[in-house]
Amino acid sequence: MCGIGACLSRIGENVAPKIVKMLKNLEYRGYDSAGVAVLDLDNKISLRKGVGKIDKLAKELKFDEMKGFIGIGHTRWATHGAVTKFNAHPHVDCLNEIAVAHNGIIENYIEIRERLERLGHKFLTQTDTEVIPHLIEENLKNNSSVLESLKKALIELKGAYALVLITRREPDKIFFARFFSPLVIGINDRDIYLASDIPAFLEWTRKVIILQDGDYGFVSRDNIYVRNLFDPSVKSRNWVLVEWTKEMAEKGGYQHYMLKEIHEQPESIRRTVIMVSKQINGVIELLENAKDVYLLAAGTSYYASLHGQYAFAKYGFKSRAIVSSEFLEEVGSFIDKDDLIIGVSQSGETADTLKALRYAREKGARIIAITNVVGSAITRIADKSIIMGAGPEIGVAATKTFTSQVATLNYLILTWAKEHGADVDYLMNKLLVVHKDVERVLEKNEKKAKNLSEIMYKRNNAYYLGRGIGLPIAMEGALKMKEIAYIHAEAYPAGESKHGPIALVTHDFPVFGVVLKDETYHRMHIALEEMKSRGGFIVSVNEVNDQDTMRLSDYHFVIPENYSNILAPLLYVVPLQLIAYYTAIKRRLDPDRPRNLAKSVTVE
Ligand code: F6R
């Protein structure tokens with residue numbers, strides 16, 4: 001989704017190069033156009049924007065040559081209005097005195113726009129955002145300060161926003177506001193930064209203020225002024241030192257963030273297990289006291305949640321995984337104060353997930369958040385938050401956060417099961433050292449994945465089949481292939497595949513099978529045999545000693561023995577991630593920036 005990067009130099013340096021760097025650092029969020037506005041040395045707003053990637057625009061529009069000590073920048077992911085230069089942010093008022101960059105959606109923009117047009121305002125774009133500078137321009141006519149005018153505008157706006165604003169009226173400040181969409185402030189001796197996400201400025205500072213819903217105010221050379229629309233007692237916000245390092249948010253010698261993050265999984269799983277073990281207090285009690293338990297998430301986080309459902313079921317704990325955007329219609333009317341919702345979100349900012357959780361909270365349900373980002377919106381909704389230790393994930397396609405989510409959910413259920421007398425020591429001990437085997441899976445399968453990409457890159461379709469614990473793994477594998485290699489990949493419960501999907505299988509149709517040596521094994525084989533006898537090209541992920549599966553397969557990827565249990569996704573997903581990655585590369589696609597996708601989906 002849109003990214004905001006703004007900078008105020010405390011020592012009189014030009015900020016445009018830093019803003020451009022921040023926008024580059026936020027590229028992973030997904031965007032189609034970008035722009036920068038600075039207050040130039042004549043106290044005028046200088047604005048440059050266009051369609052395309054930052055590097056191209058920086059060259060064409062010479063962002064770096066813009067002179068000014070205060071500025072704002074934006075990468076736009078179109079929601080209202082086509083992808084055009086005019087619709088790119090920042091947007092200005094009629095007098096060119098106010099520039100605004102915004103992430104989110106202003107739901108009542110049409111009525112505000114019509115009113116302002118009747119008052120004589122001229123609009124140049126089709127965006128919802130453009131009403132903001134005009135509304136503030138209008139409010140300023142009553143001789144109020146910029147802060148008062150901003151506050152008045154915010155009270156009128158409905159929807160979601162993170163916004164930054166510069167104006168000739170008060171040229172020493174960057175104004176800001178946040179409601180639902182994320183916005184953070186970074187501080188060091190030289191600059192103050194405002195951004196949608198911490199990695200934007202991680203190379204300059206780890207000292208961060210995480211703004212909260214309703215916060216608004218301004219930053220100036222020596223002041224960070226924060227007030228809250230709903231809570232008059234807020235007079236400031238404390239800063240925190242984030243543990244993420246600059247190196248963690250860099251590629252570290254890998255060609256892409258995605259590949260780096262796939263390789264980081266041994267470490268991210270190890271760290272997550274340690275971190276989760278320290279945050280488990282109170283969680284079991286919440287599980288214990290709940291009537292119904294729902295796991296709520298979107299995309300990859302949903303597949304991790306579905307794994308949670310299967311893993312919980314293995315120990316006799318009933319839960320249900322639900323896609324966030326379907327939650328209200330599917331189960332909304334059943335939710336009450338005795339229920340527990342486990343919200344799973346890497347970013348902690350996914351609009352669909354937050355909306356469903358807020359609804360559940362209003363109904364009195366208890367909420368546990370599992371997220372990767374300290375201070376993210378989900379943690380403020382939850383009764384109890386568990387922060388995973390995956391570190392920043394920059395690649396748009398989730399990889400290491402999927403395995404961290406699975407590790408977290410496994411840790412919860414094993415802890416619960418142990419308290420109920422189940423013998424889980426073997427699996428718990430294995431969870432503590434599984435990272436070593438993930439390392440082996442990477443070593444054993446990377447070259448093979450590269451080889452398979454030579455075949456896969458010419459294909460347009462694939463099935464991914466799994467059963468039981470294997471099903472969410474197949475679903476996640478198919479999602480990766482779709483997202484970054486643009487191959488139509490469909491995941492099915494293996495047994496269900498004969499009820500329709502098999503009609504498509506003819507000579508050389510790729511069928512991926514996640515084969516676990518558990519109670520599903522024989523039924524999984526039957527499904528793969530059915531596919532093979534119709535000409536399917538079978539690619540299996542199976543245990544290293546599983547000769548029968550390897551005989552049946554045209555291609556196979558091996559996993560160490562004794563993982564055909566709830567730990568399976570931590571290993572079995574790895575070859576599928578690598579296959580998607582190398583297929584994207586072979587297709588000459590950029591896996592870090594898949595088309596139409598955004599890392600943090602902050603609109604519904
Ligand atoms: C897929 C992917 C998305 C996210 C989804 C939820 O690779 O990254 O499907 O999983 O948008 O995001 P979070 O986990 O941040 O709520």
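Note: the structure precedes this text.
The structure presented is a predicted model; accordingly, all values stated were derived computationally and were not measured.

Conventions adopted
- Residues numbered from 1 in each chain as written.
- Predicted model: local features only at pLDDT ≥ 70, side-chain atom pairs only at ≥ 80, totals over all residues.
- Heavy atoms only, no water.
- Helix = DSSP H or I, 4+ residues; strand = E, 2+ residues; numbered from the N terminus.
- Expected span 1.5 Å × (residues − 1).
- Bend = angle between axes of the 7 residues up to and from the residue.
- Buried < 20%, exposed > 50% of the residue type's maximum accessible area, 1.4 Å probe, protein only.
- Near = heavy atom within 4 Å.
- Polar contact = N/O pair within 3.5 Å; in protein donor to acceptor, adjacent residues only side chain to side chain.
- Areas by Shrake-Rupley, 256 points an atom, 1.4 Å probe, with all protein chains shown as cover.
- 1 Å grid on protein atoms, 1.4 Å probe; cavity = no way out; pocket = protein on both sides within 12 Å on 5 of 7 lines; lining within 4 Å.
- Sits in = over half its atoms within 2 Å of the grid points.
- Nonpolar A, V, L, I, M, F, W, Y, C, P; charged D, E, K, R; others polar.
- Salt bridge = Lys/Arg side-chain N within 4 Å of Asp/Glu carboxyl O.
- Phe/Tyr/Trp six-rings, centres within 6.5 Å; stacked < 30°, edge-to-face > 60°.
- Pairing = 2+ DSSP bridges.
- Axes fitted to C-alpha atoms, helices over the stretch in contact; angles between N-to-C directions.
- Contact = heavy atoms within 4.5 Å.

Q: Honestly, helix α18 (residues 568-586) in this entry has me stumped. Any pointers?
A: Residues three or four positions apart in an α-helix share a direction because the helix packs 3.6 residues into each turn. Between its first and last C-alpha atoms α18 spans 28 Å; for 19 residues at 1.5 Å apiece the expected length is 27 Å, and the two agree. At V574, α18 shows its largest kink, close to 25 degrees, and the proline P575 lies no more than four residues downstream. Counting buried positions over the 19 residues of α18 gives 17, a clear majority of the element. Looking one or two places after α18, you find R588, whose phi comes out positive at around 60 degrees.

Q: Help me out: how do you make sense of the site of the ligand in this one?
A: Taken together, 15 residues are adjacent to the ligand, and S301, S345, Q346, S347 and T350 come closest. Side-chain polar atom of T350 to an oxygen atom of the ligand: 2.4 Å apart, as the coordinates give it. Within the complex, 91% of the 410 Å² of free accessible area of the ligand lies under protein. Judged by the fraction of its atoms near the pocket grid, the ligand is located in the largest pocket. At the level of elements, α9 (299-314) and α15 (470-485) are the ones that each hand at least two residues to the shell around the ligand. Classifying every residue of the shell around the ligand by side-chain character gives 6 nonpolar, 7 polar and 2 charged.

Q: Sorry if this is basic, but what is going on with the pattern of salt bridges here?
A: Close approach of charged atoms lets side chains of opposite charge pair. The full count for this structure, using the stated rule, is 37 salt bridges. Measuring nitrogen to oxygen at the nearest pair gives 2.8 Å for the salt bridge that ties E203 to K21. Of this pair, E203 sits in the loop between β10 (191-195) and β11 (207-210) while K21 sits in helix α1 (residues 16-25), and the two are 182 residues apart along the sequence. Overall, E203 belongs to the partly exposed group, its relative accessible area being 27%. Between E349 and R178 there is a salt bridge; the shortest N-O distance is 3.3 Å. Of the two residues, E349 is situated in the loop between β17 (340-345) and α11 (351-362) and R178 in strand β8 (residues 174-179); the sequence distance between them amounts to 171 residues. By the burial criterion, E349 is buried, and R178 matches it. One network of salt bridges, with partners in common, ties together K24, E27, D55, D590 and R593.

Q: I'm lost on the packing of aromatic side chains in this one. Help?
A: Both the distance between ring centres and the angle between the ring planes are used here to describe each pair of aromatic rings. Going through the model one piece at a time under the given rule, you end up with 16 aromatic pairs. An angle of 40 degrees between the planes, with centres 4.9 Å apart, marks the rings of Y463 and F509 as tilted. Of this pair, Y463 sits in strand β20 (residues 461-466) while F509 sits in the loop between β21 (488-493) and β22 (510-514); the two residues are 46 residues apart in sequence, bridging distant segments of the chain. Y463 sits in the buried class, given a relative accessible area of 2%. Among the aromatic side chains, those forming a connected cluster through ring pairs are Y161, F179, F180 and F230.

Q: I tried to follow the sheet that holds strand β18 (residues 366-371) on my own but got confused; where do I start?
A: For sheets, the rule is that strands pair by backbone hydrogen bonds, running either parallel or antiparallel. Ordered in space as β16-β15-β17-β18-β19, the 5 strands form an open sheet in which the pairing is parallel. Of all strands in the sheet, those with a lone pairing partner are β16 (320-323) and β19 (384-387), marking the two edges. Neighbour to neighbour, the strand axes of the sheet diverge by 20 degrees on average, direction disregarded. The pairing of β17 with β18 spans 6 bridges and is classified as parallel. Considered in β18, the bridge of I341 is made with I367. Those strands touched by α11 are β15 (293-297), β17 and β18, and its axis lies near 150 degrees from that of β15.

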